[in-house]
Structures are given as C-alpha cells and as structure tokens.
Amino acid sequence: MTELQTLIEEIPKYQPGADLDVLTRAYRFSEASHQGQQRASGEPYLSHPLAVAHLLVDFKMDVTTVTAGLLHDVLEDTGATKDELEREFGQEIANLVDGVSKIGKLAFSSREERQAENFRKMLVAMARDLRVLMIKLADRLHNMRTLDYLPPEKARKIGQETLDIYAPLAHRLGMAKVKAELEDLALRTLHPEAYVDLQRRVAKRRLEREAEINQVIAILERKLTEVGIEAQIRGRPKHFFSIWKKMHDQGREFDEIYDLTAVRVITSSVRDCYGTLGIIHSLWKPVPGRFKDFIAMPKVNMYQSLHTTVIGPKGDPVEIQIRTWEMHKIAEEGIAAHWLYKEKKAGKDKLDESLVWLRQLIETQQDMKDPREFMDTVRVDLFPDEVYVFTPKGDVKALPESATPIDFAFAVHTKVGEHCVGAKVNGKLVPLRTRLRQGDIVEIVTSPNAHPTRDWLQIVKSTRARSKINQWLKVEERARSIELGRELFEREAKKYRLNANAILGGDDARKVAAELGFPGVDDLLAAIGYGKSSVHQILNKLAPTAILEPPEKARTATSKAKAEQGVRIRGVDDLLVRFAKCCNPLPGDQIVGFITRGRGLTVHTRDCLTVAKSVLDRERLINVEWDVEEETSTRPVRIAVYIGRDRPGLLSEITGAISSQNGNITKAEVTVTDDRRGINNFVVEVADLEQLQGIMTAIREVPDVINVERVRGL
C-alpha cells in the first residue's frame, strides 16, 4: 500500500480535486484479480500494474487514466469481464481498459495477422480516446525495463516491435524522454554486444569532450550575461540508439562522430531564442546546412526549437539547441504536458492539429485487409523523417522524406491529387517525380481530364497518397473489368446467335448472379473481366438449351480479329486480345500477355507495375511478341511536353515537329501558368516505338521546350 499512497499524494499536485477514492478501489480490484499470479521475474504480478500507474503519474495523466493503468491487464490475464469493470468503475474506465487489452479469443491464421489486428484495435481505441495509447506506452516501457527475465527469442520480438511501432508513436506524440528510453532498451535487447561496447566508448569519449563542452558553456554564459539574456545552459548527452543509428545508417566509425553531446540553451522568450542564436553565430562559425528553425515551423508533434551546429573552440562540430521553457516542457513530455490543459479548453487547438496523422492512419487502414501490408504501412507512416513544405498561401504540409508533388497534392485534398497534372516548386515548373525539399513552396496544376496512373505508385512516399491512388485505381479497374466482362459475354453469346443484352437484362441473370454469390449483374460481369468466373459456364447457366457448337466461320472470324491486333501468341488460339491502358504498349516495347480465365488476354509492357504485382499469378503470364508482318495500324500514345517559356508560335512549332515525323495528333491539352510556363499533353498516333522516339527528339529541338516525357496510360 506504500506505493499506492505515493500515487495518492502525487496526483493532487497537478490535478487538484481529483477523486482519489477510485484509486484505492482499483488497487484492491487489481490485487484480487491477479491473486497468485507472478511475473517472469518472480515478483507478484501486481507490481506491473502499479509500475504502469506510476509512469502515468510521471506523464501527468488524469486520475481516470491512472486508475485504468492499475486495471489494464485484468481483462486479458484474469477472469474479470468488461461488464464487471463497468459496474465497479463506470463506462469510461472500462472502455480505456478494453482499448488496451489484446484480442485474445479469436483464431488467426498467422502471427502477423494477430499483430495487425491487435494494433488495428488499438488505433480505433486511440481515435476514440488517446489515453489508451498513453497507458499502452507506459505498459510497454515497464515491460522493456524488465525484459531480461524473458527468453531471448521472445525478448527480441518485443524489442523489434518496440523499435518499429512504440518508439515512433512516442515520437509522434512529442514524448522525447519516453522515445529515447524505448530505443535504448530495444538496442540493448537486439544488439547487446554493440550496446555494451557503445556504452564504454561513449563514457570514455565524454570525458575527453567534457572540457570543450564546458568551455563552450562558459563562453556563452558570459556573452549572454553581457547582453542581458537570462538562460540556463547545459550539456545534453545523446542517447545510445541515435549514435548507433548514425553509425549503422551512414557507415561511419565511432571516432568520426563528434556530436555525442549537444548544448541546450533554455531562455524565457522567443525573442531571446533568436538573440541567443545571433550571439552563437558571432562567436563560432556555423556549419552550412545544419541550421533548422522549428520555432517558425514546428514539427507535427508540436516540437519547437532552434538547431544549429558550429565549429567549437577546438575545431570540432558542436550541436546547439535553443528553446524557451514552455518549448522544453513540450519537447520532453509532448502530449502529456498538454493533457490537463486540453481538458479545460473547448474547441480546436494545436493538439488537435498535431493528431491529423492519426486520423489519416485510421482512414488508410480501413481499406487494408492484408496484415503484412497494413503493418508495413503503419511503420512507414510512423517514420519520423519529414520534410516541411508550404502551400502558396503559407500553410505548412508535413510529408515523408523524398516526397513528391503528388504526395503534396493528396495532402491538400484528394480531388487535387486525382486531377494533378503538373506542379510548380518555388515558381518553377517541375516534373511530378521531383523530390521536395525543406521550405519549398509548391503549387499544383490540375486538369479535369487528368487521373492517377499506376506509375504514380512507384514515386509517391506518403501512405495517404498511395492509399488514395490505389482506391481510385480499384474503382477504375472495376469499371474496366465490367466493360471487359460484358465484351467477353457478348462475344461468347454471339457465337450461339444469342442476344446478350436481353439475357443480361432479364430476371434470370439476377438470379444466377445471386446463386453465385454476387450482389448484382455488374458484379458478375466484373468477375468475368477479372478472370475469376468462366463466361462459358455462366452462359450455360443462363441459356443451357441454346449452347451448341459454334459454326466454323465464327472460329475463323475470331482468329482473324486476333490477327488484326498485330500480336503473335505462341500455342494459344481464339483469344480476345486487348492492350493494357495502364502502360499502353507500342510495337518495339518488350511485352508480355496476361491471360484471364474469361478467355481474354491483355498485353502489357514487361516493366509495367501491374505485371510486377502479378507475381502470385505467374501461370497466367504468357510470352507474346509483335507480329511485325501483320502490324500496319497505328496506336495512340500520350506525351507530356514541359515548356520553360510560352511564346507566340510555340504550339505551332511543337505540332510541326510531331507532323515532321508523320505523327497524327488526336488530342491536345494546353496548360499555361501565370508566369508563362506550361505543360502540353498530346495524344499522338504512332506505328511503333521508333517513331515515338523520333517525335520526342524532334520536339526537344524546339526552343523553350525543357523536357518531353512519354506518359504511361491514356
């Protein structure tokens, strides 16, 4: 009861008037529920929920959260039920405990599926009440502190999960101390020898560097006193994981890393922060490219500080952070520093804005069924490296490192992303695959006729953009599959002189669709188009008495139609041949055929992303080649022409260049921005790849054309 008494004494210091009686009742309930249970260390199990409650008090969480912390394992590890908790402690506490509890009674096909569903449950609970995550972080932190008592293999799995999920979550919530400890404990578990070696070398180097750091602090203290700036200056040793990661990721030796200790300056006001920065840069030479202003442009987790690296008195780099006391509290405690303030305040504040990433993550996960894909997405979304860019109006958008204008477009709005055709970065027109940099001002050029393509999936970095592109492609793919399914059905019906429209429009078609488990006729046609259902079998169900052997001339007509496509297929006859719209192959491209069970074949380029993603359907890929002797027709292809400066007669010169290579323009979209730059999109009919390359070369020779690209898809 001594530890319980400590909790009861500490909570009123930051939450006066809290109902402390509920803590005593929760302690007794937890003690009774866990009676006879022990941890791997041999301690009574109650020691764990008590430690979690103490951590929540350290986080300055409200009494309701601390109470839920005392009870957090009773649903998972004892016979207690949620209804029992609700009767004893109310719905709020019962929901918090349920949100933290794992899914234990359902059957899963794999460990990955169980992990994904547990995390999915936590995400949903977090969306309802973020205190669920605070309890989970406290639970994970205490488990990591006592990991030595578990078998090595189990400990490593928990350590890796902590590094992948929980440390980034702590970072996202701005809880720097929790993040650092979780990462160091995970490093000790996953790489024990490297951890011990690093510990020894850091201790030795720190003694060597201490004199220089103390010299920097003494000089800076004297200078700031002279100009009347009050500040606390201290050395801050970097945690082991950040040093190890720098060595591991950048391939650097320990002796090449100088910033083992950073200097932190804490002042009373923002004005004093910038004044201190000026003093520092007047004393020591700043390292180019190492200054970051997170005060003017805070991180998404509310972190604010000035970062600069200077060449110190002995010629070694010294990292210096400058912040106010309020910023320091937020940097160390993150969301915990805001929790009680948020409770007392109505309406939207910075805390709401900082949790946009959580809402987007939940929105994304709803469409993902594959557990491995879901967990990979979560890891990417929690990855801390970010680039901050501006809209033309000055709004800040936080995007993953190496993000492109397409990522930015989807961050602005889904419709902006779907109709994105080009972008201006810092006033200059750039290709959509351009990597954005810190501080870029990005403006998106849209067109109502523009749509996402599969190529975009290869260049986007944000989970939101990837999810929205996939969502659009699924809808588009379904529409195409219905179209293909209808075409295959009509083709099959024609062989037996049947009216396909009359059959599909009748009640029998709806009944057959329902029998086969499809909501409607369109779903049945989509299944034919996807190759999941046989068109012949379905027609046999709809018109069993009419199915006769097709006449010989029907076979001949089909073969002729196939030959007219200009593609030779070895060992396969009587197939409906189509060209994929996602990559739009031309004679001269390396191609492959993708056969559907509905007897349709789609021709793709070999480097098409759709082909790459069909690795599980290799038996449906067949070798095809261009029938050069037969191929006399032309095929449409889209090209994008980037204009550096629009001028009278330029469009005429571009179309003239296309005509000079015997290309026929069937469609043109001209977009010119206010500063006279532009993107011209043309659909041109060409005979083969060689002719297309000739057209693109001719266009590049036109003055003021800065680039020409072939655009996959139409």
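Everything here concerns the structure above.
Read on for an overview of the structure.

Quick notes on the rules
- Residues numbered from 1 in each chain as written.
- Predicted model: local features only at pLDDT ≥ 70, side-chain atom pairs only at ≥ 80, totals over all residues.
- Heavy atoms only, no water.
- Helix = DSSP H or I, 4+ residues; strand = E, 2+ residues; numbered from the N terminus.
- Buried < 20%, exposed > 50% of the residue type's maximum accessible area, 1.4 Å probe, protein only.
- Contact = heavy atoms within 4.5 Å.
- Areas by Shrake-Rupley, 256 points an atom, 1.4 Å probe, with all protein chains shown as cover.
- Pairing = 2+ DSSP bridges.
- Axes fitted to C-alpha atoms, helices over the stretch in contact; angles between N-to-C directions.
- Parallel < 35°, antiparallel > 145°, perpendicular 65-115°, else oblique.
- Left-handed = near helix turned anticlockwise from the far one by under 90°.
- Nonpolar A, V, L, I, M, F, W, Y, C, P; charged D, E, K, R; others polar.
- Salt bridge = Lys/Arg side-chain N within 4 Å of Asp/Glu carboxyl O.
- Core = buried A, V, L, I, M, F, W, Y, C linked by side-chain atoms within 4.5 Å.

1. Some remarks on the overall build of the protein chain
Alright, step 1. A tally of helices and strands in the protein chain yields 30 helices and 20 strands.
Alright, step 2. In the protein chain, which comprises 714 residues, the proportion classed as buried is 51%.
Alright, step 3. Look at the contacts in the protein chain between residues 6 or more apart in sequence, and 68% of them connect residues 24 or more apart.
Alright, step 4. Of the roughly 34800 Å² of accessible surface on the protein chain, 49% is carried by carbon and sulfur atoms.

2. Points about the sheet that holds strand β3 (residues 292-293)
Alright, step 1. In spatial order, the strands read β1-β2-β5-β4-β3; together these 5 strands make up an open sheet with mixed pairing. Two strands lie at the open edges of the sheet, namely β1 (231-237) and β3, each paired on one side alone.
Alright, step 2. Judged from the 7 bridges that link them, β1 and strand β2 (residues 261-267) form a sheet pairing that is antiparallel. Bridge pairing in β2 places A231 opposite T267.
Alright, step 3. The sheet contacts of helix α15 (residues 325-333) involve β1, β2 and β5 (317-324), and relative to β5 the element is tilted by about 105°.

3. Some thoughts on the packing of helix α9 (residues 131-145) against helix α10 (residues 152-172)
Alright, step 1. Two elements in contact, α9 and α10, have axes whose closest approach is 11 Å; the angle formed by their N-to-C orientations is 140°. One way to sum up the angle between α9 and α10 is to call them oblique. Two packed elements cross with a definite hand, and for α9 against α10 that hand is left-handed. Every residue of α10 that contacts α9 at L133, K136, L137, R140 and M144 is listed here: I158, G159, E161, T162, Y166, L169 and A170.
Alright, step 2. The class makeup of the residues in the contact of α9 with α10 is 7 nonpolar, 2 polar and 3 charged.

4. Description of the pattern of salt bridges
Alright, step 1. Applying the stated rule across the entire model yields 22 salt bridges.
Alright, step 2. Between R710 and D589 there is a salt bridge, with its nearest N and O atoms 2.9 Å apart. Here D589 lies in the loop between β12 (576-579) and β13 (591-595) and R710 lies in strand β20 (residues 705-711), a separation of 121 residues in the sequence. When sorted by exposure, R710 lands in the same class as D589, which is buried.
Alright, step 3. Note that K667 is salt-bridged to E669, the shortest N-O span being 3.8 Å.
Alright, step 4. A residue is classified by how much of its surface remains accessible, and K667, at 39% relative accessible area, is partly exposed.
Alright, step 5. Bridged by salt links that share partners, the residues R645, R647, E653 and D704 form one connected network.

5. Here's the deal with the sheet that holds strand β10 (residues 442-446)
Alright, step 1. The 3 strands are arranged β9-β8-β10 in an open sheet whose pairing can be described as antiparallel. Strand pairing shows two members of the sheet lacking a second neighbour, β9 (428-430) and β10, which therefore form its edges. For this sheet the average axis-to-axis angle between neighbouring strands, irrespective of direction, equals 35°.
Alright, step 2. Bridge analysis of strand β8 (residues 420-425) against β9 gives 3 bridges, and the strand direction is antiparallel. Following the sheet pairing, V425 is matched in β9 by K428.
Alright, step 3. Contacting β8, β9 and β10, helix α20 (residues 405-412) runs over the sheet at an angle of about 85° to β10.

6. Some points on the nonpolar core
Alright, step 1. Counting 59 residues, the largest nonpolar core has I11, L23, L56, L71 and L85 as its most contacted members.
Alright, step 2. The biggest single contributor to this core is α9, with 8 residues.
Alright, step 3. Not counting residues up to four positions away in its chain, the partners in contact with L23 are L4, I8, I11, V63, V66, T67 and L70.
Alright, step 4. V389, L432, A465 and L473 belong to the second largest nonpolar core, which has 25 residues in total.

7. Overview of the packing of α20 against helix α22 (residues 463-495)
Alright, step 1. For the pair α20 and α22, interaxial distance at closest approach is 8 Å and the crossing angle is 80°. As judged from the angle between their axes, α20 and α22 are roughly perpendicular. Counted together, I406, D407, F410 and A411 of α20 and R464, A465, K468 and I469 of α22 form the full contact between these two elements.
Alright, step 2. Looking at the contact of α20 with α22 residue by residue, the class counts come to 5 nonpolar, no polar and 3 charged.

8. Here's the deal with the environment of I665
Alright, step 1. Relative to the helices and strands, I665 is located in strand β18 (residues 664-672).
Alright, step 2. Each C-alpha atom of the pair I665 and E685 lies 6.4 Å from the other, and the pair is 20 residues apart in sequence.
Alright, step 3. Here I665 is in contact with T655, I658, F682, V683 and V684, once residues within four sequence places are set aside.

9. As for the environment of Y27
Alright, step 1. With respect to the helices, strands and loops of the structure, Y27 is situated in helix α2 (residues 21-33).
Alright, step 2. Spatially, the C-alpha atom of Y27 lies 8.8 Å from that of L46, the residues being 19 residues apart in sequence.

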